[in-house]
Amino acid sequence: MSGKDIEIKCLSSLNEYLSACDNSVNAVYLSQIPQVCKDHPCVLGIDEAGRGPVLGPMVYGTAFCPINNLQLLETLQCDDSKALTEEKRDDIFGKIGDNRNNMGWGIEVISPNFICNNMLSRSKYSLNQVSMDSAIGLIRAAKEGGVNIAHIYVDTVGKPEKYQSYLLSLFPEYKITVAKKADSTYPIVSAASICAKVSRDHALQVWKFPEEIGNVLHKDFGSGYPGDPVTKKFLVDHCDTVFGYPQLVRFSWSTAGNALENTAYHVEWEDIEDEDQKKPENNTSITSFFKFTKQSSTEKKQHEFFNRRCLKSTTEL
Amino acid sequence: MSIRIQSGKRSTATNLQTKLQSVPFKIHADCDAKVKKYFETYVKEKENHLTASFRGYPLKGKVIDVPDGYKGLVLHESMKPMTEKEDRNFYVIHTFDKLTMWNWDKVPSKNDAMIQALDWIDIAEALHSPIVDE
């Protein structure tokens, strides 16, 4: 089952799309690109939702509309998504869908498993890098879809100057503004922020647990912010002593890691331990060569071939 | 001390129906685990390997077949000896003919000891099989 053929026009089709997605991998959705966005130069905003919580996906959102129709965003009352109530955000999201001939939008749902797999990989791929790559992916998708992009506004992760010059090096053809709190400054970023936030909230509402942990609903795991008592309780109640948590949870967050240490079985990793404790080579002191010692043990040693393969003759066990 | 591996005629050892997973970590526990729901459900096939996760860590794996003419055994020791000199008895409780080997974020390859260990089977064959004069 996949959400590929579903067109999101309203909240219920958003839910339908999110339900059809595989929770353990990322999903990118881009709305139909209206003709006006191909014909006229557009502003394009980018923002994220759900960066901090210990559970659920992080969602990147983008929205775009022609510069000659910026008043549309005002009529939609796009504002910082965090300053709006959930109902208001849902309402605006519905209106963005109604205006699909005047503006477009897109999201990338970044699965919690993708986030921790990357943070816990051998070559650590940070959350900031995941974020930037997602933003870049959305810009590319809009570009390939034919959006006549003129100016890109991005809510920053990390230092705005650095991020901005990085984006400019990838997209020299556009004007790019990266700023802190861009979601409350630029209405197009607010619109992107609303798409992201609404999608994250609904992804949590329709979340299915392949782990079959019973009928657990959004209200049972809460916002995912580490301070939320409902989330805390969820982490206690749904800890599997072997596997830890369902993949809704971001294991790489210290909240989850600490809770696991207290309740789940201790796990020792082969490679990670090896890498952490690389002992210096046993240095032989120069005086040792002059000491009289009994000839070193005549114990039969097995060939390196077997040692390397961890093979042992069983008669010597 | 000697080691006995027992699988008599009355042995109840059966070929494992469940999948055998070799993981790159040690869980300090001895208990049943919900492998199907928490692990197998997320195993995905990529071009030349499998992927899965354990507690957020990315795993890459490959299915390894037990070589022809050999059989994998799962042994159980019901009584651990108190001293090193005592004999040890292992019982064959299951047999298997393949297993999935997992590494932390690294596709299993010839660099892994377990895969290298299987080299011995061919070499032993060459070394120890009787020489037949033509």
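Residues numbered from 1 in each chain as written. Chains lettered and ligands numbered in written order. Predicted model: local features only at pLDDT ≥ 70, side-chain atom pairs only at ≥ 80, totals over all residues. Heavy atoms only, no water.

Residue and element names in this part refer to chain A. Of all hydrophobic cores here, the largest spans 65 residues; its most connected members are Ile139, Leu167, Phe234 and Tyr245. Counting residues per element, this core draws most heavily on helix H6 (residues 127–144), which supplies eight residues. Taken domain by domain, this core gets at least three of its residues from each of domain 1 (11–205) and domain 2 (218–263). Dropping the residues within four chain positions of it, leucine 167 is found in contact with Ile136, Ile139, Val154, Ile176 and Val178. (Core = buried A, V, L, I, M, F, W, Y, C linked by side-chain atoms within 4.5 Å. Buried < 20%, exposed > 50% of the residue type's maximum accessible area, 1.4 Å probe, protein only. Helix = DSSP H or I, 4+ residues; strand = E, 2+ residues; numbered from the N terminus. Domains from an automatic or database assignment. Contact = heavy atoms within 4.5 Å.)

It is worth spelling out the domain arrangement of chain A at this point. All names here are of chain A. Taken domain by domain, chain A comprises domain 1 (11–205) and domain 2 (218–263). Spacing between the C-alpha centres of domain 1 and domain 2 amounts to 27 Å. Across the contact, 21 residues belong to domain 1 and 18 residues belong to domain 2. Summed over both partners, the interface of domain 1 with domain 2 buries about 1600 Å², with 64% contributed by carbon and sulfur atoms. Broken down residue by residue, the surface that domain 1 buries against domain 2 is led by Val54, Leu55 and Leu204, which jointly contribute 42%. Between domain 1 and domain 2 we count zero salt bridges in total. Where domain 1 meets domain 2, there are 12 residue pairs in polar contact (both at pLDDT 80 or more). Elements supplying a minimum of two residues to the side of domain 1 that touches domain 2: helix H5 (112–119) and helix H9 (187–205). (Buried area = accessible area lost by both parts, 1.4 Å probe. Salt bridge = Lys/Arg side-chain N within 4 Å of Asp/Glu carboxyl O. Polar contact = N/O pair within 3.5 Å; in protein donor to acceptor, adjacent residues only side chain to side chain.)

Inspection of every chain in the model, using the stated rule, returns 20 aromatic pairs over all chains. Considering the side-chain rings of Phe209(A) and Phe234(A), the 6.5 Å spacing of their centres and the 40 degrees angle between planes classify their relative orientation as tilted. Here the residue Phe209(A) occupies a position in the loop between H9 and helix H10 (218–221), and Phe234(A) occupies one in helix H11 (residues 229–237), the gap between them amounting to 25 residues. A relative accessible area of 11% means that Phe209(A) is categorised as buried. With a relative accessible area of 1%, Phe234(A) lands in the buried category. The interplanar angle of 85 degrees and the centroid separation of 5.2 Å between the aromatic rings of Phe305(A) and Phe306(A) together place this pair among those described as edge-to-face. Overall, Phe306(A) belongs to the partly exposed group, its relative accessible area being 22%. Taken together through their ring pairs, the aromatic side chains of Phe243(A), Trp269(A), Phe25(B), Tyr38(B), Phe54(B), Tyr57(B) and Trp104(B) make up a single cluster. (Phe/Tyr/Trp six-rings, centres within 6.5 Å; stacked < 30°, edge-to-face > 60°.)

Two pairing modes exist for strands in a sheet, parallel and antiparallel, and in both the strands are linked by backbone hydrogen bonds. Residue and element names in this part refer to chain B. If you walk across this open sheet you meet the five strands as E3-E10-E7-E6-E5, and the pairing is mixed. With partners counted over all chains shown, the strands left at the sheet margins are strand E3 (21–22) and strand E5 (44–45), one partner each. Judged from the seven bridges that link them, strand E7 (residues 57–65) and strand E10 (residues 98–104) form a sheet pairing that is antiparallel. In the sheet register, isoleucine 64 faces E10, and the bridge partner there is leucine 99. (Pairing = 2+ DSSP bridges.)

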